[in-house]
Structures are given as C-alpha cells and as structure tokens.
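Chain by chain, the residues:
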Amino acid sequence: FLELFRRYPNHFFKLVPTYEIDLLWHTHMTGGTMHDYCTDCERICGKVIDHDDDYGSSRDRGRGGGTSVLDDAFEYTATLWLSAFNDDT
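Everything numeric in this text was worked out from a predicted model, so none of it was measured.

Definitions and cut-offs
- Residues numbered from 1 in each chain as written.
- Predicted model: local features only at pLDDT ≥ 70, side-chain atom pairs only at ≥ 80, totals over all residues.
- Heavy atoms only, no water.
- Helix = DSSP H or I, 4+ residues; strand = E, 2+ residues; numbered from the N terminus.
- Contact = heavy atoms within 4.5 Å.
- Areas by Shrake-Rupley, 256 points an atom, 1.4 Å probe, with all protein chains shown as cover.
- Expected span 1.5 Å × (residues − 1).
- Buried < 20%, exposed > 50% of the residue type's maximum accessible area, 1.4 Å probe, protein only.
- Arc of directions from axis to C-beta.
- Phe/Tyr/Trp six-rings, centres within 6.5 Å; stacked < 30°, edge-to-face > 60°.
- Core = buried A, V, L, I, M, F, W, Y, C linked by side-chain atoms within 4.5 Å.

Caption draft 1: Main features of the overall build of the protein chain. Regarding its fold elements, the protein chain presents four helices and zero strands. Element order for the protein chain, N to C, with α for helix and β for strand: α-α-α-α. The long-range fraction of contacts in the protein chain, counting pairs at least 24 apart against all pairs at least 6 apart in sequence, stands at 58%. Surface summary for the protein chain: the accessible area is close to 6,000 Å², and the carbon and sulfur share equals 54%.

Encoded structure:
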C-alpha cells in the first residue's frame, strides 16, 4: 500500500486501504515504534504518510448522490492498485 504513495505522490484523492491493509497499517504504526514507522515511510515514500482515521467519517458521507467521499476515494485507490500491480484483490 505504501508503494502506491510512492508511485502516485500527487494523487487528488486520499488513498483508502482495504480493511485488511488498514489493520496492517495500524499494526505497522503501533507494533514497533513510531520512529520505525516514520523511517519506513521515508525510505519507501520519501515522506511520512499520515493515517487519517477521521477521513470518511459522518461529515464526509451522504453528499446526496448516494456515495461518500470515502467510497469515491476507495474506488480511486482500487483503480490505482489494479494499474500498479495488475491485481484486483
């Protein structure tokens, strides 16, 4: 997932992971030290990636069209993932 941030540094949506990747992301941030996480992000992406758990909260949902900002960003991320890795899982 961090590889997407490296490949697409100027994406216009926030990248939204699957639930499985999000669990690994949280584990990465809390399983070692925050310094380890920051070091890994800087090594892979060139910068520290902020994990925004508020993104997609109720304030971002229900824009009237039946989709949310979170849903749109997840679909965008899935498209980038497929393009980058030729994998739709």
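Caption draft 2: Representation of helix α4 (residues 69-85) in the model. Taking 1.5 Å of rise per residue, 17 residues should cover 24 Å, and α4 covers 24 Å from first to last C-alpha, within 8% of that figure. If you check which residues of α4 are buried, you get Val69, Leu70, Ala73, Tyr76, Thr77, Leu80, Trp81 and Ala84. Looking straight down α4, one finds that the buried residues subtend no more than 145° of arc, so they occupy a single side. Turned more than 90 degrees off the buried face of α4, the exposed positions are Glu75, Thr79 and Ser83. Tucked into the core, α4 has its buried residues touching α1 (2-7) and α2 (19-31). Once α4 finishes, asparagine 86 follows within two positions and takes phi at roughly 50°, a positive value.

Caption draft 3: Representation of the packing of aromatic side chains within the structure. Across all of its chains, the model carries four aromatic pairs by this definition. For the pair phenylalanine 1 and tryptophan 25, a centre-to-centre distance of 5.2 Å together with 55° between the ring planes defines the contact as tilted. Here phenylalanine 1 is found in the segment before α1, whereas its partner tryptophan 25 is found in helix α2, with 24 residues between them in sequence. Residue classification places phenylalanine 1 among the buried residues on the basis of a relative accessible area of 16%. Classification of tryptophan 25 by relative accessible area gives buried; the value is 8%. Every member of this aromatic cluster is reached through a ring pair, and the members are Phe1, Phe5 and Trp25.

Caption draft 4: Region of interest: the nonpolar core. Judged by nonpolar contacts, the single largest core of 16 residues is most densely connected at Phe1, Leu4, Phe5, Leu15, Trp25 and Ile49. In terms of residues, this core owes the most to one element, α4, which gives four residues. Apart from the residues within four sequence positions on either side, phenylalanine 5 is in contact with His11, Leu15, Trp25, Cys45 and Ile49.

Caption draft 5: Expanded view of the environment of phenylalanine 12. As for its placement among the helices and strands, phenylalanine 12 is situated in the loop between α1 and α2. Residues phenylalanine 12 and alanine 73, 61 residues apart in the sequence, show an inter-C-alpha distance of 9.1 Å.

Take it as geometry only, folks, not as evidence of what the structure does.
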